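# Remarks on the overall topology
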Amino acid sequence: MALLAAGALMLTAAGCGGGDGDTVSGGPPPNTVKLPSLKGQKLQVTAVWTGTEQENFTKVLKEFEKRTGAKVSFVPSGDDMAGFVGSKVAGGAPPDVAMVGQVGVMREFAQKGWAKPLGAEASAELAKNYAKGWQDLGSYEGKPYGVYFKTSNKSLLWYNTSAFDYAGAKVPKTWQEFLAQAQLISDSGTDAVAIGGQDGWTLTDWFENVYLSQAGAEKYDQLAQHKIKWTDPSVKKALETLAELWGTKGLVAGGRSGALQTAFPDSVTKAFGNKAEPDAGMVFEADFVAANVADAGAELDQDAKVFPFPAVGGKAPVVTGGDVGVALKNSKAAQALLTFLASPDAGTIWAQSGGFISANKNVKFSAYPNASMRKIAQALIAAGNDFRFDMSDQAPASFGGKPAQGEWKALQDFLKNPRNVEGIQRQLEADAAKAYKN
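Residues numbered from 1 in each chain as written. Predicted model: local features only at pLDDT ≥ 70, side-chain atom pairs only at ≥ 80, totals over all residues. Heavy atoms only, no water.

### Side note on the overall build of the protein chain
If you tally the helices and strands in the protein chain, you get 21 helices and 12 strands. Whereas a compact globule of 438 residues would reach a radius of gyration of roughly 22 Å, the protein chain reaches 21 Å, a difference of no more than 12%. Projected onto the principal axes, the alpha-carbon positions of the protein chain cover approximately 60 × 55 × 35 Å. Put simply, the protein chain has 438 residues, and 59% of those count as buried. For the protein chain, long-range pairs separated by at least 24 residues make up 78% of all intrachain contacts whose partners lie at least 6 apart in sequence. Surface summary for the protein chain: the accessible area is close to 16600 Å², and the carbon and sulfur share equals 49%. Mean positive and mean negative side-chain charge positions of the protein chain (44 and 45 charges, respectively) differ by 6 Å. (Helix = DSSP H or I, 4+ residues; strand = E, 2+ residues; numbered from the N terminus. Rg over C-alpha atoms; globule rule 2.2 N^0.38 Å. Buried < 20%, exposed > 50% of the residue type's maximum accessible area, 1.4 Å probe, protein only. Contact = heavy atoms within 4.5 Å. Areas by Shrake-Rupley, 256 points an atom, 1.4 Å probe, with all protein chains shown as cover. Lys, Arg positive; Asp, Glu negative; His and termini not counted. Charge placed at Lys NZ, Arg CZ, Asp CG, Glu CD.)

Here's what the structure looks like:
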């Protein structure tokens, strides 16, 4: 974690300077992995990705089609991957491969027999290119099931340079400095932070960063496994800290009710859609925000810059996330796609398009389109096995991965009323006890 935090601290310099090495490594992707001929075979893949993310993933699938002769169709799952796959399995027609965003959901799929273990070729490619920590995250009961194809650093704040310059704001390093700069931006006439509260997962990321930095890694691991209760004093302290931002007038773009009606992509647009006069000075989320910044018509490293999530406790937090590819059918085509996704070839394609970070240590940093993304990727690889994965994504889906229930719903309720700390703690604990069955 220290390595990853140190790497993250380099983001400020990278985001502000640019400089040498900003040219994109263009051209065709490497061809390092042998794939079988799949001419005439059809393959269906599902993921939550839409918009730019779906377009960029489609480039990866097109290259797989080119190399194998297979025909691949993409089906968006919606936010509820567990519900989508469950309905398809019940109907006898699951997709061949699912890109699952929650490690808890992946393990549920494996436990139920829906997910199939990786074959020899995919396992070998995974072992060659990924640190053991990522291999372990994609395993269940000692067997490799998944390939973490798209990963993310979820401890980043992206800021509008015009808003910062106009307010005279500076990049903060601590939570108190962050609140002070947010107030400065608000006082200048621009709401400080856009929050995509309509998507409950963004709120879990806010909580996890505050909690990891404030309570520490050991408590984080205990809460992730429900070995301590959500009524623990450490949770109360984290919620009270969040309330300092969420409950202060003028700091949340559109107010709390506005935030609850804002989808994640729209929160980025609020900060960068109008570069000169934005609706918000900052937006929090992972490295994939870079793609949304481009969609909003802003230029990364010029109109938009990035800094690490401020230290709430002794150290700045670094939370990671990722989408793991798993086979839902025992087929040659499904295993071949996972083998391809585990290779640096596939990762390079999306890296060049932006809005993507790979945990594959053999994807060259020169593939990333700018200095900021390159530094984020370098920090992730430098961490090796020493990182903390998104807490809600480790939880059972009913608690950490479904809209309008569990942690997503409880934190939306908290955003609506940040004064109700203990009530939200009881709500979280009741939902967690039911999901974890302990």
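Read on for the rest.
### Regarding the packing of helix α20 (residues 406-416) against helix α21 (residues 421-436)
Between α20 and α21, the least distance of the axes is 9 Å, while the angle of their chain directions is 170 degrees. Here α20 lies roughly antiparallel to α21, going by the angle between them. The segment α20 lies against α21, with G406, E407, K409, A410, D413 and F414 engaging V421, I424, Q427, L428 and D431. Of the residues contributing to the contact of α20 with α21, the split by class is 5 nonpolar, 2 polar and 4 charged. (Axes fitted to C-alpha atoms, helices over the stretch in contact; angles between N-to-C directions. Parallel < 35°, antiparallel > 145°, perpendicular 65-115°, else oblique. Nonpolar A, V, L, I, M, F, W, Y, C, P; charged D, E, K, R; others polar.)

That is the geometry; function is a separate question.
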